[in-house]
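# Architecture at a glance
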Amino acid sequence: MNDRRMIQIAAPELSGNESKYVQECLDTTWISSAGRFVKDFEAAFAAFCGADHAVVTNNGTTALHLALAALGVGPGDEVIVPTLTYIASANAVTYCGATPVFADSEPIGMTLDPADVQRKITPRTKAVMPVHLYGNVADMDSINAIAAEAEIAVVEDAAEAHGARGRAGAVGTLGDCASFSFFGNKIITTGEGGAVTTNDAALADRLRLLRGQGMDPQRRYWFPVVGYNYRMTNIAAAIGLAQLEDIDRKIARRRELAAAYDRLLADQPGIRIPVAPPWSESVNWLYTVHLDVDSDGQRDRVIAAMAADRIETRPVFYPMHQMPPYSEPEANYPVADRLAATGISLPTHTQLRDTDIERICERVVFHMTSSRYER
Ligand SMILES: *Cc1c(COP(=O)(O)O)cnc(C)c1O
């Protein structure tokens, strides 16, 4: 078994115009954040989302921080965030001096539960951040209705969901603004990178101002506000533009892989395959199943056994309320806790072969069965 090739959980694919465009940056010496690729990538990414504006950044976490900062989130404010998410969603709120207030998840798509959002609103709530987790779109109709009533902003964290669609359109256009990541394991990559999309021209201006150290666009080296250097390099944007040329095929291949997983795992005892919620036309960032196990210890034994078979998998995100900086030992988030303890993400990237999926499924079924006998 050990002579077999390691199957990685994620891997970027750089088979298009990436090297040609990067070479152009080197040849022309435009390697910092000025240059044609930044503008071209912003225009192309906005068009892909169907948004009026895209403002690209140096990573997805700074994109989230920039979005909140541009909306005026600051000390004393609260932002409602799902407890079941990647740490960047909560940290971006903390960077603003505001407080992330956690809410539970809905059980189908693992996204923010609107009913719990409603319960968590206070006079200090400034915004809500639905996260399109693992490529499932959050229930945006319900969340937008609650946000409109409470007069708070909606920031989509779409880091894992490029190309997914809700009932009202593509992610990136479903709130006041949306944040994306182009990290190496995401649906498209720039190495490190991010973007904020919006249909609000004034907000787009504010995003650009704060991204570029707060420099007045009419007066060079004049800084009316404290901004940040969150700019993307022309090299990263060159990679992003090439990645985007092929994104429809990449998403289609991910859907094929998910369908292959579904076929092989659908009727296996003790394994629950993912189901897209009715409001979500999902993309498959990481194909994530839930195991019929009593504890995360049992789930972790399956992960370790898969690793010994040279197949990389990973647990579903640990909820924020269990992390040391955000610990709430008394709090109760029953859906998120259960999803986190039993979930396992399987390899999902465009370079997997159909035979890889067969091998992964055979091993996960085997280890799941033996772990059931161990109880
Ligand atoms: C990847 C990710 C981010 C941030 O991305 P980086 O580019 O790694 O900074 C934010 N939120 C979620 C849900 C993510 O998965």
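Before going into details, it helps to say that this report is about the structure given with it. (Residues numbered from 1 in each chain as written. Predicted model: local features only at pLDDT ≥ 70, side-chain atom pairs only at ≥ 80, totals over all residues. Heavy atoms only, no water.)

What follows covers the overall build of the chain. Along the backbone of the chain there are 12 helices and 13 strands. Its C-alpha atoms give the chain principal-axis dimensions of about 70 × 55 × 35 Å. Every one of the 375 residues in the chain was classed for burial, and the buried ones make up 56%. When the accessible surface of the chain is split by element, carbon and sulfur atoms take 52% of a total near 15,900 Å². Positive and negative side-chain charges in the chain, numbering 35 and 47 respectively, have mean positions lying 4 Å apart. (Helix = DSSP H or I, 4+ residues; strand = E, 2+ residues; numbered from the N terminus. Buried < 20%, exposed > 50% of the residue type's maximum accessible area, 1.4 Å probe, protein only. Areas by Shrake-Rupley, 256 points an atom, 1.4 Å probe, with all protein chains shown as cover. Lys, Arg positive; Asp, Glu negative; His and termini not counted. Charge placed at Lys NZ, Arg CZ, Asp CG, Glu CD.)

With 93 residues, the main nonpolar core has F45, L84, V128 and F180 as its most contacted residues. Two domains share this core, each providing at least three of its residues, namely domain 1 (18-244) and domain 2 (247-373). Leave out the neighbours within four places in its chain, and L84 touches S105, M110, L133, V316, F317, P319, A336, L339 and A340. By size, the runner-up hydrophobic cluster in this structure holds 25 residues, among which are A260, L346, I357 and V364. (Core = buried A, V, L, I, M, F, W, Y, C linked by side-chain atoms within 4.5 Å. Domains from an automatic or database assignment. Contact = heavy atoms within 4.5 Å.)

Here we take up empty space enclosed by the protein. One pass over the structure, following the stated rule, counts four cavities of 30 Å³ or more. Its volume calculated, the largest cavity comes out at about 90 Å³. Around the largest cavity, the lining is made up of 14 residues, and of these A11, P12, E13, K186 and I187 lie nearest the centre. A class-by-class count of the residues in the lining of the largest cavity yields five nonpolar, five polar and four charged. Split by domain, the residues of the lining of the largest cavity number at least three in each of domain 1 (18-244) and domain 2 (247-373). (1 Å grid on protein atoms, 1.4 Å probe; cavity = no way out; pocket = protein on both sides within 12 Å on 5 of 7 lines; lining within 4 Å. Points joined across faces, edges and corners; volume = space filled by probe spheres on them. Nonpolar A, V, L, I, M, F, W, Y, C, P; charged D, E, K, R; others polar.)

Once that is clear, we can look at the sheet that holds strand 11 (residues 287-291). Here we have four strands laid out as an open sheet, ordered 10-11-13-12, and antiparallel in their pairing. The outermost strands of the open sheet, each flanked by one partner alone, are strand 10 (271-272) and strand 12 (314-315). Judged from the four bridges that link them, strand 11 and strand 13 (residues 343-346) form a sheet pairing that is antiparallel. Within strand 13, the residue paired with H290 across the bridge is G343. (Pairing = 2+ DSSP bridges.)

A few words now on the site of the ligand. Among the 14 residues in the neighbourhood of the ligand, the closest are listed as T61, D157, E160, S181 and K186. Separating an oxygen atom of the ligand from a side-chain N or O atom of T61 is a distance of 2.5 Å. A distance of 2.7 Å separates a nitrogen atom of the ligand from a polar side-chain atom of D157. According to the grid-proximity analysis, the pocket containing the ligand is the second largest pocket. Contributing elements (two or more residues each) for the shell around the ligand: helix 3 (60-70) and helix 4 (87-95). Looking at the shell around the ligand residue by residue, the classes come out as four nonpolar, seven polar and three charged. (Near = heavy atom within 4 Å. Polar contact = N/O pair within 3.5 Å; in protein donor to acceptor, adjacent residues only side chain to side chain. Sits in = over half its atoms within 2 Å of the grid points.)

At a minimum axis distance of 9 Å, the contact between helix 3 and helix 4 shows a crossing angle of 45°. Classified by the angle their axes make, helix 3 and helix 4 are oblique. When you trace helix 3 past helix 4, the crossing you get is right-handed. Contacts between helix 3 and helix 4 involve T61, L64, H65 and L68 from the former and A88, S89, A92, V93 and Y95 from the latter. When its residues are assigned to classes, the contact of helix 3 with helix 4 shows six nonpolar, three polar and no charged. (Axes fitted to C-alpha atoms, helices over the stretch in contact; angles between N-to-C directions. Parallel < 35°, antiparallel > 145°, perpendicular 65-115°, else oblique. Left-handed = near helix turned anticlockwise from the far one by under 90°.)

This part takes up the environment of T350. Structurally, the position occupied by T350 is in the loop between strand 13 and helix 12 (354-374). Here the alpha-carbon distance between T350 and R253, two residues 97 residues apart in the chain, equals 6.0 Å. At 2.3 Å, the side chain of T350 forms a polar contact with the side chain of E13.

Counted by the stated rule, this structure contains 14 salt bridges. Salt-bridge contacts for D309 lead to R363; the nearest nitrogen and oxygen are separated by 2.8 Å. Taken together, the residues span a long stretch of sequence, with D309 in the loop between helix 10 (296-308) and strand 12 and R363 in helix 12 at a distance of 54 residues. Just as D309 is buried, R363 falls in that class too. Here the salt bridges share partners, and the residues they tie into one network are E13, D246 and R249. (Salt bridge = Lys/Arg side-chain N within 4 Å of Asp/Glu carboxyl O.)

Looking now at the side chain of R211. Mapped onto the fold, R211 is located in helix 7 (residues 201-211). Classification of R211 by relative accessible area gives buried; the value is 12%. Separated by 2.8 Å, the side chains of R211 and E42 make a polar contact. Other than its neighbours up to four places away in sequence, R211 contacts E42, V55, V56, L66, Y228, N229, Y230 and R231.

Strand order in the open sheet formed by seven strands is 1-9-8-5-4-2-3, with mixed pairing between adjacent strands. Since the sheet does not close on itself, it has two edges, and those belong to strand 1 (53-57) and strand 3 (99-103), each with one partner. Taken over all neighbouring pairs, the strand axes of this sheet differ in orientation by 25° on average, direction set aside. Against the sheet, helix 3 touches strand 1, strand 5 (153-157), strand 8 (177-181) and strand 9 (194-198), its axis set at about 165° to strand 8. Against the sheet, helix 6 (residues 140-150) touches strand 4 (125-128) and strand 5, its axis set at about 150° to strand 5.

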